[in-house]
Amino acid sequence: MFRTVYQKGCFSILYSVGGNPLKLWTTHTKNGYVKRVYDEDIKSLVLEIMGTNVSTMYISTPRGNNQQLGIKLPFLVLLIKNMHKYFTFEVKIVDDQRFMRRFRVSNFQSKTSVKPFCTSMPMGMSPGWNQIHFNLADFTRRAYGTNYMETVRLQIHANVRIRRIYFTDRLYQESELPNEYRLIGQPKTKKPISWRVPAARPPSPQTIRGATARSAKTTTPAPEVKKEELIEEAQLQPPPQPPQEEKIE
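We now turn to the structure provided with this report. In this text, all values refer to a predicted model and were calculated from it rather than measured experimentally.

Attention now moves to a nonpolar patch on the surface. Taken together, the side chains of V17, Y38 and L45 present a nonpolar region at the surface, about 250 Å² in accessible area. Here V17 shows up in the loop between β1 (10–15) and β2 (26–28).

With eight bridges joining them, strand β3 (residues 32–39) and strand β4 (residues 44–51) adopt antiparallel strand pairing. Considered in β4, the bridge of Y38 is made with L45. With antiparallel pairing between neighbouring strands as the criterion, β3 and β4 make up a hairpin whose turn holds four residues, including K43 at a positive phi of roughly 55°.

Under the counting rule described, the total for this entry stands at 13 salt bridges. The partner of D39 in a salt bridge is K81, with the nearest N and O atoms 2.9 Å apart. Here D39, found in strand β3, pairs with K81, found in strand β6 (residues 75–82); they are 42 residues apart in sequence, far enough to count as distant. Classification of D39 by relative accessible area gives buried; the value is 0%. The partner of E176 in a salt bridge is R170, with the nearest N and O atoms 3.5 Å apart. It is possible to trace a salt-bridge network through shared partners that takes in D39, D41, E48, K81 and R161.

It is worth spelling out the sheet that holds strand β12 (residues 148–157) at this point. Strand order across the open sheet formed by seven strands is β2-β5-β12-β7-β8-β10-β9, with mixed pairing between neighbours. Two strands in the sheet have a free side with no partner beyond their single neighbour: β2 and β9 (113–114). Pairing of β2 with strand β5 (residues 58–61), which is carried by three bridges, proceeds in the antiparallel orientation. Bridging across to β5, T27 finds its partner in I59. In this fold helix α1 (residues 136–144) packs onto β7 (88–95), β8 (100–106), β9, β10 (118–122) and β12, with an angle of close to 105° to the strand it touches most, β8.

Looking now at the nonpolar core. Within the largest apolar cluster, 37 residues are counted, with the highest numbers of intra-cluster contacts made by L76, I156, I162 and I165. Ranked by size, the runner-up nonpolar core spans 10 residues in total, among them I42, V46, W129 and L183.

To continue, consider the environment of F87. As for its position among the elements, F87 is in the loop between β6 and β7. Through-space distance from the C-alpha of F87 to that of S55 is 9.5 Å; in sequence the pair is 32 residues apart.

Counting through the fold element by element, R164 comes out in strand β13 (residues 160–168). Of the side chains bearing the opposite charge, E180 lies closest to the buried R164, which forms no salt bridge; the N-O distance is 5.7 Å. From its side chain, R164 meets the backbone oxygen of E180 in a polar contact 3.4 Å long. Once residues within four sequence positions are removed from consideration, R164 is found in contact with S12, L14, Y15, V77, L78, L79, E180 and Y181.

Moving on, we come to α1. Taken residue by residue, α1 has L136, T140 and Y144 as its buried positions. Seen end-on, α1 carries its buried residues on one side only, within an arc spanning 35°. With a side-chain oxygen lying 3.4 Å from the backbone nitrogen of A137, the N-terminal cap of α1 falls on N135. Phi turns positive, to about 70°, at G145, one or two residues after α1.

Moving on: the environment of K43. Mapped onto the elements of the fold, K43 is located in the loop between β3 and β4. For K43, a relative accessible area of 54% corresponds to the exposed category. C-alpha of K43 to C-alpha of I184: the two residues are 141 residues apart in sequence and 9.0 Å apart in space. Among the polar contacts listed, one links the side chain of K43 to the side chain of E40, at a separation of 3.0 Å.

The rules behind each value
In this convention, every chain numbers its residues from 1, walking through the sequence in written order. Only residues with pLDDT of 70 or above have their local features reported here, since the model is predicted, and side-chain atom pairs are shown and tallied only from 80 upward, although totals for entire chains, interfaces and linings are computed over all residues. Computation of side-chain values covers all heavy atoms of the structure but excludes hydrogens and water. Patches in this entry comprise residues that are over 30% relatively accessible and not in a salt bridge; like charges within 9 Å are linked, as are nonpolar side chains (Val, Leu, Ile, Met, Phe, Trp, Tyr) within 5 Å. For accessible areas, the Shrake-Rupley method is used with a probe of radius 1.4 Å. Any residue's cover is judged against the shown protein chains and nothing else. One side-chain nitrogen of Lys or Arg within 4 Å of one carboxyl oxygen of Asp or Glu is enough to make a salt bridge. Starting at the N terminus, helices and strands are each numbered in turn, a helix being any DSSP run of H or I of at least four residues and a strand any DSSP run of E of at least two. In this description, strands pair whenever DSSP reports at least two bridges between them. Using a 1.4 Å probe on the protein chains alone, a residue whose accessible area is under 20% of its type maximum counts as buried, one over 50% counts as exposed, and one in between counts as partly exposed. Pairs of residues are marked as contacts when any of their non-hydrogen atoms sit within 4.5 Å. Only the contacting stretch of a helix is used when fitting its axis, a line to C-alpha atoms as for every element, and angles between N-to-C directions run 0 to 180 degrees. Definition of nonpolar core: a set of buried residues of the types Ala, Val, Leu, Ile, Met, Phe, Trp, Tyr and Cys, connected through side-chain atoms within 4.5 Å. Note that His is not counted, nor are the chain ends; the positive residues are Lys and Arg, and the negative ones are Asp and Glu. In the analysis that follows, any N or O atom pair within 3.5 Å is treated as a polar contact, provided that within protein one partner can donate a hydrogen and the other can accept it, and provided that, for residues neighboring in sequence, both atoms belong to side chains. Of all possible arcs, the one meant is that of the directions from the helix axis to the C-beta atoms.

Keep in mind that these numbers describe shape and distance, not what the molecule does.
Okay, here's the thing in structure tokens:
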């Protein structure tokens, strides 16, 4: 199915947000239901799978029984919510010996059971939402002594809520993942607005010349004193008198 598709980084096969989240999946509903609900914890639409019997209530991919996923990425990541009920999922893989192997993980088993073609193991889940990392290459090597080649089928049984299921080529830190691949995305914040004060524009040379010319025109000249007025002022003033001599008796 995806054997010829370029696979690197994060490869999603189920996302609860969108027009058709179960496009690649087929549903088996017996004594249960599959529907999309709104989860208050993460403020998002999620896929809810609930049923009275976990073995008869599940979704699987690919749709056809003769089809295979062909996903070569070794890490399976599930963003799921603990509903405090029985829950299990199965992964079918192919190793380098061309054998089909199955891994069955559940929260109601207490011991690990390794059989030639099926391995059952327990899983502990925290209250609320969980991010489950399943290293397919490591479990294949430890359980069967072979190398993981690709995943051919995946089944998710009741009872659980699903945000996203995807494969990765390595373990990524939370900060390395895109926002839509995180369990709780970072809120989008607006960029701060910086107000800039425009710099004062220097006056142009024409403005300076015009202002100088206007100041020169508005300067009041000193009043002119006529020559005749100076002569009249000199005539009106009395001539200086010589000092009087004192008589010595």
